[in-house]
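# Reading the structure
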Amino acid sequence: MHTTFLKSLTLMGQGMAGIFTVILVIFLLLLVLGRKKDKPS
Amino acid sequence: MDFLLDGLLNTTWKQLVMFGVGGLLIYLAIAKKLEPSLLLPMGFGAILVNLPFSGAVNQMMVGIGEVPGILDWLFHLGIEAAEAMPLLLFIGIGAMIDFGPLLANPKLILFGAAAQWGIFATISLATLMGFSLVDAASIGIIGAADGPTSILVSQVLGSTYIGPIAIAAYSYMALVPIIQPFAIKLVTTKKERMIRMPYNPRSVSKRSKILFPIIVTVVAGYIAPASVSLVGMLMFGNLIRECTVLDTLSTAAQTVLVNLITLLLGITIASTMKADSFVTIQTLMIMALGLAAFVFDTIAGVVFAKILNLFVKQKVNPMVGAAGISAFPMSARVIQRMGQQADPQNHLLMHAVGANVAGQIASVIAGGVILGLVPGLL
C-alpha cells in the first residue's frame, strides 16, 4: 500500500504538470488569437 | 411445474438489495429530477440484470451453452470494444458548448486546470484505503465531474468498478448544488465571497471560435496524445457548431445523438451492476471517495483563485475557481447564486460560465493524462 501511495503521489505531480502544460499552451494561444483584429461575431 | 418457482427460489439477498438500489435510482430520477436521463435507465437496468436467470445478460443454459444477453452485448460493442458510446456522446456535448465566455476572458482557463487536483487527491486517498493504482485512478476520475470521461477511463484501465463509478459520477454531478456550497463555505469568508468582478469581455471573432477547437485538439494531441480521442470528439462537436455551415448536423448532435447515446449508455452501464460484484463494501467506499473528489475539486479551485489573488491587481472572487469543474452549467449557477447571497449586486455568472467550460476541457485532458501516465507506473 505504501508503494502504491507513493506512486499515486508521483501520478499527482506528473498529472497536474501535464494538465497545466496543455492548459498554459492553450491559454497562450488564446491570447494570440485574441490579438488578431478581425470582425467580431 | 417447479420451473415456475425457479426464479423466486433462486433470488439472493444481494439481488434484493439491487432491486432496492434500482428503485432508489428511479425514485431520484423521477421524484428529485437528479440526472433523470441517466439514473432512470440505470435504475431500471439494475432491476433487469438482477432478476434470476435474466435473459438481458449472458446466461449459461443446460444443454445449450452460453446464450447472449442484449445488455452484455451492448456493453461489449458500445463500451468495451472501443468506448464508442462515451466518445460519441462527446460529439454532442461539444456541439452544445459555447466557448465564447472562455475565449472572451482566457485566464479563466487556468481554473479548469486547478480544479482537477481533486482527481489526484482522491486517487491518493483511494490507495490509502487499499485500492490498486488502476482502481484508484478509475475512482479518482469521478472528480472530473464528467460521466462519460469516468466511464471511459475506468473501462480503458480495466477497473472492475465501472458500475459504482458511473453511478457516483452522475449522482454527485446532480448534487453539485448541495456539495459545492458546503465545500466553498469551508474555505472562504463572506468578505471573499463578496468580491465583485467587473465583466469586460473582449470581442470574439468567428475565426477565433473556429480555430479554437482545431488548435486545442492539436495541442492536446501533441502534449498528451492519450487524451486526443476524448478532446478530439469534444472539439469535433464544437467545430460542427461553430462553423455555421452544418447547422442541421449541429442540431442533430445536440439533440438526437445525445439523447440516443444517453438512453443506451445508462441501461448498458447497468449490465455491470450485477449483485455479486456490486453489493460489496468497495461500492460504499467508492461512493464516499466520489463525494470526496467533488469536495477536493471545489477546494482546489478556490485555493488556486486565492493564490492568484496574491499576484493580480484585479482580485478574483475565489468562488469562481470552484466553477472550474466539468459539471456544466450547475456549477456556474451555484457560484452566481452564492455571489448574490453574499452581495445582491454581485454578478459572477459570466466569469463562472467561463471557468465552467474551461473545466470541461481540462477534465477530458485530465482523463487522457491519467490514461497516459498510469500504465507507466504499474
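Anything mentioned here points back to the structure above.
The text that follows walks through the structure, step by step, so that each part is easy to find. (Residues numbered from 1 in each chain as written. Chains lettered and ligands numbered in written order. Predicted model: local features only at pLDDT ≥ 70, side-chain atom pairs only at ≥ 80, totals over all residues. Heavy atoms only, no water.)

## Quick look at the overall build of chain B
When helices and strands are tallied, chain B shows 21 helices and two strands. For a compact globule of 378 residues, the expected C-alpha radius of gyration is about 21 Å, and chain B comes in at 22 Å, within 12% of that figure. In terms of overall dimensions, chain B has a C-alpha envelope of 80 × 45 × 45 Å along the principal axes. Sequence separation of 24 or more characterises 77% of the internal contacts of chain B that already satisfy a separation of 6 or more. As displayed, chain B has an accessible area near 15300 Å², and 69% of this comes from carbon and sulfur atoms. (Helix = DSSP H or I, 4+ residues; strand = E, 2+ residues; numbered from the N terminus. Rg over C-alpha atoms; globule rule 2.2 N^0.38 Å. Contact = heavy atoms within 4.5 Å. Areas by Shrake-Rupley, 256 points an atom, 1.4 Å probe, with all protein chains shown as cover.)

## Let's talk about the interface of chain A and chain B
Listed per partner, the contact involves 32 residues of chain A and 43 residues of chain B. Carbon and sulfur atoms make up 81% of the area that chain A and chain B hide from each other, which totals about 3300 Å². Scanning the region where chain A abuts chain B turns up zero salt bridges. Counting the contacts that link chain A with chain B gives two residue pairs in polar contact (both at pLDDT 80 or more). (Buried area = accessible area lost by both parts, 1.4 Å probe. Salt bridge = Lys/Arg side-chain N within 4 Å of Asp/Glu carboxyl O. Polar contact = N/O pair within 3.5 Å; in protein donor to acceptor, adjacent residues only side chain to side chain.)

## Observations regarding the packing of helix H8 (residues 117-128) of chain B against helix H9 (residues 133-140) of chain B
Residues and elements named next belong to chain B. It is the contact of H8 with H9, at a shortest axis distance of 8 Å, that shows an interaxial angle of 140°. The orientation of H8 with respect to H9, classified from their angle, is oblique. Every pair of crossing elements has a handedness; the one defined by H8 and H9 is right-handed. Contacts between H8 and H9 involve Ile119, Thr122, Ile123, Ala126 and Thr127 on the former and, on the latter, Leu133, Ala136, Ala137 and Gly140. A per-class count over the contact of H8 with H9 returns six nonpolar, three polar and no charged. (Axes fitted to C-alpha atoms, helices over the stretch in contact; angles between N-to-C directions. Parallel < 35°, antiparallel > 145°, perpendicular 65-115°, else oblique. Left-handed = near helix turned anticlockwise from the far one by under 90°. Nonpolar A, V, L, I, M, F, W, Y, C, P; charged D, E, K, R; others polar.)

## Some words on a nonpolar patch on the surface
Residues and elements named next belong to chain B. Taken together, the side chains of Phe3, Leu4, Leu5, Leu8 and Leu9 present a nonpolar region at the surface, about 600 Å² in accessible area. Looking at the secondary structure, you find Leu4 in helix H1 (residues 3-9). Residue Leu4 is classed as exposed on the basis of its relative accessible area of 55%. (Patch = residues over 30% accessible without salt bridge, like charges linked within 9 Å, V, L, I, M, F, W, Y side chains within 5 Å. Buried < 20%, exposed > 50% of the residue type's maximum accessible area, 1.4 Å probe, protein only.)

## Re helix H20 (residues 330-342) of chain B
All names here are of chain B. Look at H20: 19 Å from first C-alpha to last across 13 residues, which is about the 18 Å you get at 1.5 Å a residue. The set of residues buried in H20 consists of Met330, Ser331, Ala332, Val334, Ile335, Gln336, Met338, Gly339 and Ala342. Those residues of H20 hidden inside the fold are in contact with helix H11 (162-174), helix H12 (176-187), helix H13 (190-193), helix H19 (318-322) and helix H21 (349-377). (Expected span 1.5 Å × (residues − 1).)

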